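So you can see what is in the structure, the chains are spelled out below.
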Amino acid sequence: MTTISSILPYAQIILSVLLIVVILLQQSTGGAGGAFGDNFSAVHHTRRGLERVLFGATIIIGILFALSALIALVVKA
C-alpha cells in the first residue's frame with residue numbers, strides 16, 4: 001500500500017495536466033455568440049478526426065482522474 005500512496009499524487013498531477021491540455025485543445029463551437037442569443041451554434045454536427053479523438057481522450061482521462069481520486073480516499077482511510 002505504501003507504493004500506491006507514494007505514486008498516486010504524481011499520477012493525479014499528470015492526469016490533471018493531461019485533462020487540462022485535452023480540454024483546451026478542443027474547439028469551442030459555441031463561443032460567445034450563444035450568450036447573446038445567436039442560435040447558429042445550436043446546429044448539430046458530427047465529430048470527426050482529431051475532434052473525435054480529443055473527445056474520447058477527455059472522457060477516458062476524466063474517468064481515470066476520478067478513479068485515482070477515489071483510490072486516494074480509500075488509501076488514506
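Trainee: Could you clarify how one ought to interpret the overall build of the protein chain in this entry?
Mentor: Helix and strand counts for the protein chain stand at two helices and zero strands. Counting every position in the protein chain, which comprises 77 residues, the buried fraction comes to 12%. Roughly 6200 Å² of accessible area belongs to the protein chain as shown, and the carbon and sulfur atoms make up 72% of that amount.

Trainee: How should the nonpolar core be read in this particular structure?
Mentor: Side chains of nonpolar character tend, in soluble globular proteins, to be buried together. Residues Leu-15, Leu-19, Val-22, Leu-54 and Ile-61 constitute the largest nonpolar core, which totals five residues. Residue assignment for this core shows that the elements contributing at least two residues are α1 (2-25) and α2 (50-76). The leading source of residues in this core is α1, at three residues. Apart from the residues lying within four places of it in its own chain, the contact partners of Ile-61 are Leu-15, Leu-18, Leu-19 and Val-22.

Trainee: Just to check I follow, could you spell out the environment of Thr-2 for this structure?
Mentor: Within the fold, Thr-2 resides in helix α1. Taking the C-alpha atoms as reference, Thr-2 lies 9.0 Å from Val-75; in sequence the two are 73 residues apart.

Trainee: Hey, could you run me through the side chain of Thr-58 in this one?
Mentor: Here Thr-58 lies in helix α2. On the basis of relative accessible area, Thr-58 is assigned to the buried category, the value being 18%. At a separation of 2.6 Å, a polar atom in the side chain of Thr-58 contacts the side chain of Gln-26. Each residue touching Thr-58, except ones within four places of it in the same chain, is listed here: Leu-19, Val-22, Ile-23 and Gln-26.

Trainee: Can you walk me through the packing of α1 against α2 in this structure?
Mentor: Between two packed helices, what matters for the description is the angle formed by their axes and the separation of those axes. Closest axis-to-axis distance for the α1/α2 pair is 9 Å, and the angle between their directions is 155°. In terms of their interaxial angle, α1 and α2 are classed as roughly antiparallel. By crossing handedness, the relation of α1 to α2 is classed as left-handed. Across from Ile-4, Ser-5, Leu-8, Gln-12, Leu-15, Ser-16, Leu-18, Leu-19, Val-22, Ile-23 and Leu-25 in α1, the residues of α2 making contact are Leu-54, Ala-57, Thr-58, Ile-61, Gly-62, Leu-64, Phe-65, Ser-68, Ala-69, Ile-71, Ala-72 and Val-75. Classifying every residue of the contact of α1 with α2 by side-chain character gives 17 nonpolar, six polar and no charged.

Cut-offs used in this document
- Residues numbered from 1 in each chain as written.
- Predicted model: local features only at pLDDT ≥ 70, side-chain atom pairs only at ≥ 80, totals over all residues.
- Heavy atoms only, no water.
- Helix = DSSP H or I, 4+ residues; strand = E, 2+ residues; numbered from the N terminus.
- Buried < 20%, exposed > 50% of the residue type's maximum accessible area, 1.4 Å probe, protein only.
- Areas by Shrake-Rupley, 256 points an atom, 1.4 Å probe, with all protein chains shown as cover.
- Core = buried A, V, L, I, M, F, W, Y, C linked by side-chain atoms within 4.5 Å.
- Contact = heavy atoms within 4.5 Å.
- Polar contact = N/O pair within 3.5 Å; in protein donor to acceptor, adjacent residues only side chain to side chain.
- Axes fitted to C-alpha atoms, helices over the stretch in contact; angles between N-to-C directions.
- Parallel < 35°, antiparallel > 145°, perpendicular 65-115°, else oblique.
- Left-handed = near helix turned anticlockwise from the far one by under 90°.
- Nonpolar A, V, L, I, M, F, W, Y, C, P; charged D, E, K, R; others polar.

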